[in-house]
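Here's the letter readout for the chains.
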Amino acid sequence: MDLLLPLPIVLPIISGLVMGFCPALKEKKIQRIFLISSLSLTMALVLIIAFQWNLRLNLFSITLELNILLQSDRLARFFTVLTAAMFLLVGIYSPRYMEHEGNESRFYMFFFLAQAMLLGVGYAGNLITLYIFFEMMSLLSAPLVLHSMSKTAIAAAFKFVYYSILGATLVLVGFFCIYAYGGSLEFTPGGVLDDMFLEGHEGLMLTGTMLAILGFSAKAGMFPLHAWLPTAHPVAPAPASALLSGIITKAGVLAVIRFVFYLVGADFVRGTWVQTVWLSLALVSVLLGAVLAFKEPVLKRRLAYSTISQVSYVMFGLATLSMGSFVGAMLHLTLHSLVKDALFLTAGIIIIQTGKTDVADLRGIGKTLPLSIFCFTILALCAVGIPPTGGFISKWYLATSSLAANLTVFSWLGPALLLLSALLAAGYLFPISINGFFPGRDFQGEGREAGPSMLIPLVVLSAAAVLLGTIPGPLISFFSSIVMGLM
């Protein structure tokens, strides 16, 4: 069964190359059948692996000490199932939207290649494997940003790559420190640091840890390496924006979890300046993203700033280094993936059905796109954290665990800023729904609702976000089982 592990990575690579270079797939109907079939088969393979127990496969060795290792522990199974599901739903949505953009074959080639690298990040069993797949993911997702080939798109893609290179450079310092002071590069719950090698070098190891957190957090959009997000999202096609915000930012979070909790160990970081800086940067990002989203007039850029704020909830929960906050962080990671994927899909429907991109132009949008804006309203309730949606459960865990932790000023400052950012989220999301459904008597509507292929993924994601709040028990138990071995 171990030989199953490479298949969900290899299949999207083959699918991407076939999609990009096979002339027969230029025909729209055949292209759609191939797209959905490939994504469904990948989803099936990921689910089969998810029901196996701790698969492990050493693919090959680079040197005697560096080997490419795949594994399927609980964290890997969660991330890969989430990734495959989001790609399948976005894949169902995307053909209708990409007719509007054009150059579908090129888009889907990099769409599949990015999926393969993300699944590789999920299944990575050691740091070198994670690093290789993570950087390949960065390079192969950049073409999704520059798809339109406009000057602004090319500039945004270059910015995306520059930030990725800077992040990779910072991570390398942490890589070298783990290699020098750890007993292994393999992900081990609780960490791999060797006291004999580490003695006298604790300060250097802490510095390497902080730089690795910053480097991986460039993908997660944490301050100060966040600026690529609001630049890339407005120019990328909506399906690409959904994946950038919903999944690729989560790859950054996953990499941080692997480095801190599976290599360095939470106990080594707890109570140090690294934890203080990490908490501070996360809370700055929470507030900064919310304030900038509140002031932003362009819908997709507003959602991008919101991602900076919302993903930083997750980073704050992880930086707290407590069991309850870890569970809350993972719940919010799941919720945000569902919500932000769906919000960007809604933005795409608005763009192709009405041609509108600014929030000020969306008055009465609920009259012309009633189901889309109804789903948008449900998703906004989730993002703000109104019960019984999933946002309430995740924020409850984050706030109560922070208050119970011995974090001096952060114990109360964290919940206070989470509450403030939730109020700001209400301020930048709810007016779209209110003005959309209650435009006034002089409103003259234009446009019509999208077709089933675009609405079905939106409805599924919205329903899942509510379901997470009404039946959170299974996920809470699952994440609790992960954190038990880490702390």
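Residues numbered from 1 in each chain as written. Predicted model: local features only at pLDDT ≥ 70, side-chain atom pairs only at ≥ 80, totals over all residues. Heavy atoms only, no water.

1. Things to note about the environment of Ala-251
Inspection of the secondary structure puts Ala-251 in helix H10 (residues 238-264). Note: C-alpha distance between Ala-251 and Gly-122 (129 residues apart in sequence) is 7.9 Å. In contact with Ala-251, not counting residues within four places along its chain, are Phe-79, Leu-118, Val-121, Phe-134 and Met-137. (Helix = DSSP H or I, 4+ residues; strand = E, 2+ residues; numbered from the N terminus. Contact = heavy atoms within 4.5 Å.)

2. Comments concerning the packing of helix H5 (residues 127-145) against helix H6 (residues 151-181)
It is the contact of H5 with H6, at a shortest axis distance of 9 Å, that shows an interaxial angle of 175°. Accordingly, the angle class assigned to the pair H5 and H6 is roughly antiparallel. Touching Leu-127, Ile-128, Tyr-131, Glu-135, Ser-138, Ser-141, Ala-142 and Val-145 of H5 are Ala-153, Ala-156, Ala-157, Phe-160, Val-161, Ser-164, Ala-168, Val-171, Leu-172, Phe-175 and Ile-178, all from H6. Residue composition of the contact of H5 with H6, by class: 15 nonpolar, three polar and one charged. (Axes fitted to C-alpha atoms, helices over the stretch in contact; angles between N-to-C directions. Parallel < 35°, antiparallel > 145°, perpendicular 65-115°, else oblique. Nonpolar A, V, L, I, M, F, W, Y, C, P; charged D, E, K, R; others polar.)

3. Things to note about helix H14 (residues 323-354)
Residue pairs spaced three or four apart in an α-helix point in one direction, given the helix's 3.6 residues per turn. Over its 32 residues, H14 extends 46 Å from the first C-alpha to the last, a length consistent with the 46 Å expected when each residue adds 1.5 Å. The element H14 is extensively covered by neighbouring structure, given that 29 of its 32 residues are classed as buried. Among the residues trailing H14, Gly-355 stands out with phi positive, at a value near 80°. (Expected span 1.5 Å × (residues − 1). Buried < 20%, exposed > 50% of the residue type's maximum accessible area, 1.4 Å probe, protein only.)

4. Here's the deal with the pattern of salt bridges
Per the counting criterion, the structure on display carries seven salt bridges. Linking Lys-28 and Glu-104 is a salt bridge whose minimum nitrogen-to-oxygen distance equals 2.5 Å. Remark: Glu-104 occurs in helix H4 (residues 104-123) and Lys-28 occurs in helix H2 (residues 28-50); sequence separation between them is 76 residues. Lys-28 gets classed as partly exposed once you look at its relative accessible area, which sits at 38%. Arg-32 is the salt-bridge partner of Glu-99, the closest N and O atoms lying 2.3 Å from each other. With a gap of 67 residues between them, Glu-99 in helix H3 (residues 74-101) and Arg-32 in helix H2 connect regions that are remote in the sequence. Given the relative accessible area of 40%, Glu-99 is considered partly exposed. Take Arg-32: its relative accessible area is 34%, and that puts it in the partly exposed class. Residues participating in the shared-partner salt-bridge network are Arg-32, Arg-96 and Glu-99. (Salt bridge = Lys/Arg side-chain N within 4 Å of Asp/Glu carboxyl O.)

5. A word on the nonpolar core
One broad trend across soluble globular proteins is that nonpolar side chains are buried collectively. Residues Phe-261 and Trp-278 are the most contacted members of the largest nonpolar core, which totals 185 residues. Ranked by the residues each element gives to this core, the list is headed by H10, at 19 residues. Leave out the neighbours within four places in its chain, and Phe-261 touches Thr-188, Pro-189, Gly-190, Gly-191, Val-256, Ala-266, Leu-318, Leu-321, Phe-326, Leu-486 and Met-487. (Core = buried A, V, L, I, M, F, W, Y, C linked by side-chain atoms within 4.5 Å.)

6. Some remarks on the side chain of Ser-312
Relative to the helices and strands, Ser-312 resides in helix H13 (residues 299-320). Here Ser-312 is in contact with Met-222, Ala-282, Ser-285, Val-286 and Thr-307, once residues within four sequence places are set aside.

By themselves, these observations are geometric and do not establish any function.
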